[in-house]
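# Observations on the model geometry
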Amino acid sequence: MSWIDIGHIEDIPLHGARVVKTPVGCVALFRTGAAEVFAADDRCPHKGGPLSEGIVHGQSVTCPLHNWVFDLNTGQAQGADEGRIGTYPVRVESGRLLIDGDAIGKRSAA
Ligand code: FES
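Residues numbered from 1 in each chain as written. Predicted model: local features only at pLDDT ≥ 70, side-chain atom pairs only at ≥ 80, totals over all residues. Heavy atoms only, no water.

The name given to the protein in an unreviewed UniProt entry is Nitrite reductase small subunit NirD, with the source organism recorded as Leisingera daeponensis.

Here is the structure:
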């Protein structure tokens, strides 16, 4: 993996998100109430809602448009909803947010 520094964890509020532009499009970084960080596609597979403007609860995010809920670990829609968002390896090191550049690069070539 090649880790890319994309900012500081304090750039993202608790229960909030921040968007970074990548070769594969906008990726949202979500910070949970427990200060975990997840990276996933910012675009909802239903009708393109901006998931970074959704509500983060537990390890899930609810789309702001029609309330679909996605598990941030797997990207899978929950309940009766069908669909999935891409997720990306991300980690925090000395407060810095690092995303796996190989993962987002591979997707752009697919
Ligand atoms: S666009 Fe996300 S639930 Fe409809």
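## Examining the sheet that holds strand S1 (residues 3-8)
A sheet is described by the order of its strands in space; here 3 strands give the open sequence S1-S10-S9, paired in antiparallel fashion. Because the sheet does not close on itself, it has two edges, and the strands there are S1 and strand S9 (90-93). Across the sheet, the axes of successive neighbouring strands diverge by a mean angle of 30°, strand direction being ignored. One ladder, built from 5 bridges, connects S1 with strand S10 (residues 96-100); its direction is antiparallel. Pairing of Ile 4 across the sheet is with Ile 99, part of S10. (Pairing = 2+ DSSP bridges. Helix = DSSP H or I, 4+ residues; strand = E, 2+ residues; numbered from the N terminus. Axes fitted to C-alpha atoms, helices over the stretch in contact; angles between N-to-C directions.)

## Brief notes about the environment of Asp 71
Position of Asp 71 relative to the elements: it lies in strand S7 (residues 69-71). Residue classification places Asp 71 among the buried residues on the basis of a relative accessible area of 18%. Measuring from C-alpha to C-alpha, the distance between Asp 71 and Gly 101 comes to 22 Å, with 30 residues separating the pair along the chain. Among all residues touching Asp 71, those that are not within four sequence positions of it are Gln 59, Ser 60, Gln 76 and Gln 78. (Buried < 20%, exposed > 50% of the residue type's maximum accessible area, 1.4 Å probe, protein only. Contact = heavy atoms within 4.5 Å.)

## Section: the side chain of Thr 22
Positionally, Thr 22 belongs in strand S2 (residues 16-22). A polar contact of 2.7 Å, which involves the side chain of Thr 22, links it to the backbone oxygen of Gly 25. Beyond its immediate chain neighbours, meaning those up to four positions away, Thr 22 contacts Val 27 and Ile 104. (Polar contact = N/O pair within 3.5 Å; in protein donor to acceptor, adjacent residues only side chain to side chain.)

## Describing the pattern of salt bridges
Opposite charge on two side chains permits them to pair, given that their charged atoms come into close proximity. For the coordinates displayed, the defined rule picks out 3 salt bridges. With its nearest N and O atoms 3.0 Å apart, the salt bridge here joins Asp 5 to Arg 96. Here Asp 5 is found in strand S1, whereas its partner Arg 96 is found in strand S10, with 91 residues between them in sequence. Exposure remark for Arg 96: the relative accessible area of 33% places this residue in the partly exposed category. Between Arg 91 and Glu 93 there is a salt bridge, with its nearest N and O atoms 2.6 Å apart. Overall, the relative accessible area of 33% leaves Arg 91 in the partly exposed class. (Salt bridge = Lys/Arg side-chain N within 4 Å of Asp/Glu carboxyl O.)

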